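Structure assessment
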Amino acid sequence: MMRALKASKSIFISSMIIIQFQQRPGNIGPDLNRKTKTMALPQDISPVNSELTDALVRSTQMDWIEITPDTGFMKILWFSGETGRWAVLFRWKKGHVARPHKHLSAAQAFILSGKLQVRDGIYEAGDFLHEANGMIHGETTALEDTEYLFICDGPILYFEDDGFTGYLGWEQLQRMQEAANQEKAAAE
Ligand SMILES: [Fe+2]
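Okay, so let's go over this structure. (Residues numbered from 1 in each chain as written. Predicted model: local features only at pLDDT ≥ 70, side-chain atom pairs only at ≥ 80, totals over all residues.)

When you go through the protein residue by residue, the secondary structure sums to one helix and 16 strands. Across the 188 residues of the protein, 12% fall into the buried class. Considering only intrachain contacts with a sequence separation of at least 6, the fraction spanning at least 24 residues in the protein is 59%. (Helix = DSSP H or I, 4+ residues; strand = E, 2+ residues; numbered from the N terminus. Buried ≥ 20, exposed ≤ 12 C-beta atoms within 10 Å, placed from the backbone. Contact = placed C-beta atoms within 7 Å.)

Structure (structure tokens):
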């Protein structure tokens with residue numbers, strides 16, 4: 001079984017950084033937590049932008065946004081107006097049918113619970129799916145109440161036989177989140 005690599009802790013000393021690596025019998029790569037050898041960095045790798053920050057989203061504290069009456073819900077975890085990338089949690093009630101669509105960018109999905117009928121296959125908890133940029137997909141049906149994490153590199157185009165029915169990208173997500181926030185504020 002592949003051994004997970006743990007993130008190295010970077011220790012800055014003047015303009016040097018300690019790089020940690022050691023090959024151990026049975027391992028496929030270096031142990032990044034071991035401090036055994038050092039070498040000087042040939043350049044400064046400290047961030048130029050001091051405002052760089054990670055983004056932590058506690059999805060358990062977020063409300064679901066209803067995207068299809070009674071059957072389709074979403075939590076918008078993150079999106080980037082710079083790259084167009086976005087990440088959402090989908091919750092589909094049993095019987096929910098997602099429309100045919102074309103991927104205008106690659107996407108990845110991880111099934112957290114439930115079962116999805118996706119074309120010829122059934123995806124269930126623990127299944128990971130990479131959807132290639134350019135793919136056209138038909139209807140997807142929730143065979144059970146299903147939740148899955150969906151990370152997309154750009155927009156998705158929805159269509160039916162006689163034309164396009166919708167477009168989903170980071171701008172639509174931003175508008176949906178703002179509308180949901182306003183609706184919640186008005187109700188309070
Ligand atoms: Fe798809």
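We now examine the sheet that holds strand β16 (residues 163-168). A sheet is described by the order of its strands in space; here four strands give the open sequence β12-β7-β15-β16, paired in antiparallel fashion. Pairing within the sheet leaves two strands with one partner each, and these edge strands are β12 (136-137) and β16. In this sheet, β16 lies alongside strand β15 (residues 156-160) in antiparallel orientation, the contact comprising five bridges. Looking across to β16, one finds that Tyr158 is bridged to Gly166. (Pairing = 2+ DSSP bridges.)

Here strand β5 (residues 86-92) runs beside strand β14 (residues 146-152); their pairing, made up of seven bridges, is antiparallel. Its bridge partner being in β14, Phe90 is matched across the sheet by Tyr148. Inspection of the sheet shows strand β8 (residues 107-113) paired to β14 by six bridges, in the antiparallel sense. Its bridge partner being in β14, Ser113 is matched across the sheet by Glu147.

Side chains that are nonpolar tend, in soluble globular proteins, to be buried together. In this structure, Trp86, Phe90 and Ile111 are the most contacted members of the largest nonpolar core, which totals 18 residues. Counting residues per element, this core draws most heavily on β5, at four residues. Filtering out sequence-adjacent residues up to four positions away, Trp86 remains in contact with Trp78, Phe79, Cys152, Trp170 and Leu173. (Core = buried A, V, L, I, M, F, W, Y, C linked by C-beta atoms within 7 Å.)

Moving on, we come to unusual backbone geometry. Notably, Asp70 is not glycine yet its phi reads approximately 70 degrees, a positive angle. Counting through the fold element by element, Asp70 comes out in the loop between β3 (65-68) and β4 (72-79). Overall, the presence of 9 C-beta atoms within 10 Å leaves Asp70 in the exposed class. A positive phi is found at Arg119, a non-glycine position, where the angle reads about 55 degrees. Locating Arg119 in the fold gives a position in the loop between β9 (115-118) and β10 (121-124).

Here we come to the sheet that holds β3. Pairing in this open sheet of six strands is antiparallel, and the strands run β3-β4-β5-β14-β8-β11 from one edge to the other. Because the sheet does not close on itself, it has two edges, and the strands there are β3 and β11 (128-131). Strand-to-strand twist across the sheet, computed as the mean angle between neighbouring axes with direction ignored, equals 25 degrees. Here β3 runs beside β4; their pairing, made up of three bridges, is antiparallel. If you follow Thr68 over to β4, its bridge partner there is Gly72. Contacts from helix α1 (residues 170-187) reach β3, β4 and β5, with the element oriented near 110 degrees to β4. (Axes fitted to C-alpha atoms, helices over the stretch in contact; angles between N-to-C directions.)

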